[in-house]
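The residues making up each chain are set out below.
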Amino acid sequence: MALKLTLSCDSDKTETGPVLIHSTGVEHYKISPEVIRILQESLTNEFLSDHEDGVLCQEGSQRVLDILLQNGFTLQNQSDEDGKTTWIVEKDGDGNNDSSVQPDNSNPTGNDENEADAGNEEQGGDEDGENADEAGEQDKEEEEE
C-alpha cells in the first residue's frame, strides 16, 4: 500500500512556512508514525505541532519536501491555486521503500566479480595475493622457454 501525503501552505509563505502535512487512509493517525519519526529526526519537536488536519511544520516548504524526498517519497504533483500551494508526495510499498537511496545492485549474490578481478590485477594473483609469486614465476618460466 502506498503512503500518500499532501503538503500545503499559503502561496506567499512557501519559503517561511508553516506547512501543513496530512494524509488519507491511515487509520487512527492523521499522518503515519513513520512520517512523524522522520520529521522529528530532521526538524525536532519545536518546529512541529499537532493540527486538526495533520501536523503543522514551522519550516519552509522546500526544506520539508527535501526531508521527505530524502526518505523515499517522490513528488507526484504540485499545484498553486486560490492562494494555496499544495504538493502530493508518495512512498510506495509498506513504508520500507529505500530504492531512492540504495545503490544499483546488479549482482544479487553480493560478490562483485569486477572488484575481485581488479584486486587480482593489482596483486598479480588472487584476492589475497597468495598466488602472486607463483604467477610471477610462471611468467618467468614461459619467457625462458
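The rules behind each value
Sequence order as written defines the numbering, with residues in each chain counted from 1. With the structure being a predicted model, the display of local features is reserved for residues of pLDDT at least 70 and the display and counting of side-chain atom pairs for 80 or more, all residues being used for whole-chain, interface and lining totals. Processing note: side-chain calculations cover all non-hydrogen atoms of the structure and skip hydrogens and water entirely. Counting from the N terminus, the helices are the DSSP runs of H or I reaching at least four residues and the strands are the DSSP runs of E reaching at least two. At least two DSSP bridges between two strands are needed for those strands to be called paired. Only the contacting stretch of a helix is used when fitting its axis, a line to C-alpha atoms as for every element, and angles between N-to-C directions run 0 to 180 degrees. We call two residues in contact when some of their heavy atoms are within 4.5 Å. Only protein chains enter the accessibility calculation, which uses a 1.4 Å probe. A residue is then buried if its area is under 20% of the maximum for its type, exposed if over 50%, and partly exposed in between. Note on terminology: a nonpolar core comprises buried Ala, Val, Leu, Ile, Met, Phe, Trp, Tyr and Cys residues joined through side-chain atoms within 4.5 Å. The cut-offs work like this: below 35 degrees is roughly parallel, past 145 is roughly antiparallel, 65 to 115 is roughly perpendicular, and the gaps in between are oblique. Two helices crossing with the near one rotated counterclockwise from the far one by less than a right angle form a left-handed crossing, whereas a clockwise rotation gives a right-handed crossing. Think of it as three bins: nonpolar holds Ala, Val, Leu, Ile, Met, Phe, Trp, Tyr, Cys and Pro, charged holds Asp, Glu, Lys and Arg, and polar takes everything else, Gly as well. Think of pLDDT as the predictor's per-residue confidence, scored from 0 to 100. Note that the arc is computed from the directions linking the helix axis to the C-beta atoms.

Chemist: A description of unusual backbone geometry should follow, citing residues and the corresponding values.
Modeler: The omega torsion of the bond from Gly17 to Pro18 falls at 5°, within 30 degrees of zero and hence cis. With respect to the element layout, Pro18 can be found in the loop between β1 (3-10) and β2 (19-23). The backbone of Thr44 sits at a positive phi, close to 70°, despite the residue not being glycine. Inspection of the secondary structure puts Thr44 in the loop between α1 (33-43) and β3 (48-51).

Chemist: Describe the pairing of β3, naming the residues involved and giving the relevant values.
Modeler: Bridging between β3 and strand β4 (residues 54-57) involves four bridges; their strand directions are antiparallel. Paired with Leu48 across the strands is Cys57, a residue of β4.

Chemist: I'd like to hear about the sheet that holds β1, residue by residue, with values.
Modeler: The strand order across the open sheet built from six strands is β3-β4-β2-β1-β6-β5, with neighbouring strands paired in antiparallel fashion. Looking at which strands have only one partner, the edges of the open sheet turn out to be β3 and β5 (74-81). Neighbour-to-neighbour, the strand axes of this sheet turn through a mean angle of 25°, independent of strand direction. Pairing of β2 with β4, which is carried by three bridges, proceeds in the antiparallel orientation. Residue Val19 lies in a different strand from β4, and its bridge partner there is Cys57. Most of the contacts of helix α2 (residues 61-70) go to β1, to which it runs at about 170°, and overall it touches β1, β2, β4, β5 and β6 (84-91).

Chemist: How would you explain the pairing of β2 if you had to name every residue and give the values?
Modeler: Most of β2 is tucked away: four of the five residues are buried. Judged from the four bridges that link them, β1 and β2 form a sheet pairing that is antiparallel. Paired with Leu5 across the strands is Ser23, a residue of β2.

Chemist: Mind laying out the nonpolar core, listing which residues take part and the relevant values?
Modeler: By size, the foremost hydrophobic cluster in this structure holds 21 residues, and its most contacted members are Leu5, Leu7 and Ile21. Within the residue set of this core, elements represented by two or more residues are β1, β2, α1, β4, α2 and β6. Among residues more than four places away in sequence, those in contact with Leu7 are Val19, Leu20, Ile21, Val64, Leu65, Leu68, Thr85, Thr86, Trp87 and Val89.

Chemist: Explain the packing of α1 against α2 to me, using residue names and the numbers behind them.
Modeler: Where α1 contacts α2, the axes come no closer than 10 Å and their chain directions differ by 120°. Judged on the interaxial angle alone, α2 and α1 are oblique. Between α1 and α2 the crossing geometry is right-handed. Contacts between α1 and α2 involve Val35, Ile38, Ser42 and Leu43 from the former and Arg63, Ile67 and Leu68 from the latter. Of the residues contributing to the contact of α1 with α2, the split by class is five nonpolar, one polar and one charged.

Chemist: Now, about the confidence of the model for the chain: what can you tell me, with residues and values included?
Modeler: Atom-level detail of predicted coordinates should not be read off regions where pLDDT is low. Confidence along the chain averages 73 in pLDDT terms, with 59% of residues attaining 70 or more. Taking the mean pLDDT of every element in the chain, the minimum, 45, falls on helix α3 (residues 113-123) and the maximum, 96, on α2. Overall, residues 95-125 carries pLDDT values under 50, and its contacts beyond four positions in sequence, including any with other chains, amount to 21 contacts.

Chemist: Tell me about α2, and name the residues and values.
Modeler: When α2 is considered as a whole, its buried residues turn out to be Ser61, Val64, Leu65, Ile67 and Leu68. Projected down its long axis, α2 shows its buried positions confined to an angular sector of 160°, all on one face. Tucked inside the fold, the buried residues of α2 contact β1, β2, α1, β4, β5 and β6. In the segment just after α2, Gly72 is the residue with positive phi, at about 95°.

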